[in-house]
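One letter stands for each residue in the lines below.
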Amino acid sequence: MVCVKTIEITCNSTECLCIPKRGHGRGSTCYHFPRQSPRRKVSKTQRENSVRDDREKPQTAKDVFNTSSCIPPPYRCPHPRMQFYLYTRTTQEKGELLNTLDNDSLKYSKFNPKYPTKIVVHGFGGGRNLSPSTDMRNAYFKRGNYNIIIVDYGTLVKEPCIGQIEWAPRFASLCIAQLVEYVQYHPTKGVRPEKIHTIGYSVGAHILGLVANHITDGKLGRITGLDPTIFFYMGNNRSRDLDYTDALFVDILHTGAGILGQWGPNGHADFYVNGGSSQPGCAHDTIFQTLSCDHTKVTPYFIESINSRAGFWAGPCPSLFSYLIGWCEPKDTEYVLMGEHVTHNARGVYYVTTNAKPPYARGFPGKSRRLRSITSYS
Ligand SMILES: [Ca+2]
């Protein structure tokens, strides 16, 4: 059994995390994380309230700040509550837990380096046994053989923890980078990062953008960002956000852009579904439900794209305004498929219209696109 040591060092002013390099001889790469915000003085009443509300879902920003959802120490990878589960066609029902410190873990798993490898990172409140992780796996295994690794931090972070909102995704990205290197340098089942397709939903998309900062040898093959969340929008600072430099091909689907999702464009190809900010069938009683629906609708679209016969054909258009008033009439050859089967040559901004209910894909617009553009949602 070959083991890799992890070292944790606590400095005076910062938390340092050091991970030994693999495949580059000896040495470690260390990262610095600011300490958490200093503890505030808490009055007796606040303390009592805190105990009483401990198990309740935070209701205000102030409560979220004090949430128990924050990542607990030790701050080192692998973190005991950030787990990597491997699913293959023969282990669809029960994933295999991977231990990135033990090469035997991958060696004796069902992982097959000949099959495409997908790493899936969900958003806050997700988990390996919850939709969309389960639906996505079902769709892939209906299609063929894959190694699907679900990054499960569902027991770690239930909702955004404001105190660590900038720090926590960086920490998560470091552990995922360790997973990528574990697979990359595995002695018998190694797979290069260029061969790996990573898929991140909401904050998961943001986390995958940060993984790129830690990969020292090679580059991720593809990152698919499913409505990257707006909380981490870092403007022009590429190293702190998902952008087209983070993988050989970065495709991003936008469904709740401008509200819960980033507006973009950030990738090689950005797809704005039904205009990108509001989705048909998402009118709910409360504004939050509606916005949340727009944001989460992106995963059913992507999952359907895995096996869709009709396909989500998207056309290029220079602006949303032009798209909305029907001024964009791309040539047939300019259309590309959105989702799983997108061509890696796709570049720029694309728009696609869907149905309000499954099947969402409307197929190739072709010569009938004028007719389709005036047809109401079916
Ligand atoms: Ca980046």
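Preceding block: the structure.
All figures in this text were calculated on a predicted structure; none of them were measured in a lab. (Residues numbered from 1 in each chain as written. Predicted model: local features only at pLDDT ≥ 70, side-chain atom pairs only at ≥ 80, totals over all residues.)

S.K.: Just to check I follow, could you spell out the overall build of the protein for this structure?
M.R.: Scanning the protein from terminus to terminus reveals 10 helices and 14 strands. Per-residue burial over the protein gives 39% buried out of 378 residues. A sequence separation of at least 24 residues applies to 66% of the contacts in the protein between residues at least 6 apart. (Helix = DSSP H or I, 4+ residues; strand = E, 2+ residues; numbered from the N terminus. Buried ≥ 20, exposed ≤ 12 C-beta atoms within 10 Å, placed from the backbone. Contact = placed C-beta atoms within 7 Å.)

S.K.: Teacher, can you tell me more about the nonpolar core here?
M.R.: Formed by 75 residues in total, the largest nonpolar core has its most connected members in Ile 176 and Phe 271. The biggest single contributor to this core is helix H5 (residues 167-184), with 11 residues. Every residue in contact with Ile 176, bar those within four places of it in the chain, is listed here: Val 121, Val 151, Ile 207 and Val 211. (Core = buried A, V, L, I, M, F, W, Y, C linked by C-beta atoms within 7 Å.)

S.K.: Would you explain the pairing of strand E9 (residues 220-226) in this entry?
M.R.: Working note: regular strand, side chains alternate between the two faces of the sheet. Counted residue by residue, E9 has 6 buried out of 7 residues, so it is predominantly covered. Summarising the sheet, strand E8 (residues 196-201) and E9 pair through 5 bridges and their orientation is parallel. Bridge pairing in E9 links Thr 198 to Ile 223. The parallel pair E8 and E9, bridged by helix H6 (residues 203-211), forms a crossover whose chirality is right-handed. In this structure, E9 lies alongside strand E10 (residues 247-254), joined through 6 bridges in parallel fashion. Bridge pairing in E10 places Leu 220 opposite Ala 247. (Pairing = 2+ DSSP bridges. Right-handed = clockwise from strand over helix to strand, strands pointing away.)

In short, geometric facts, not functional conclusions.
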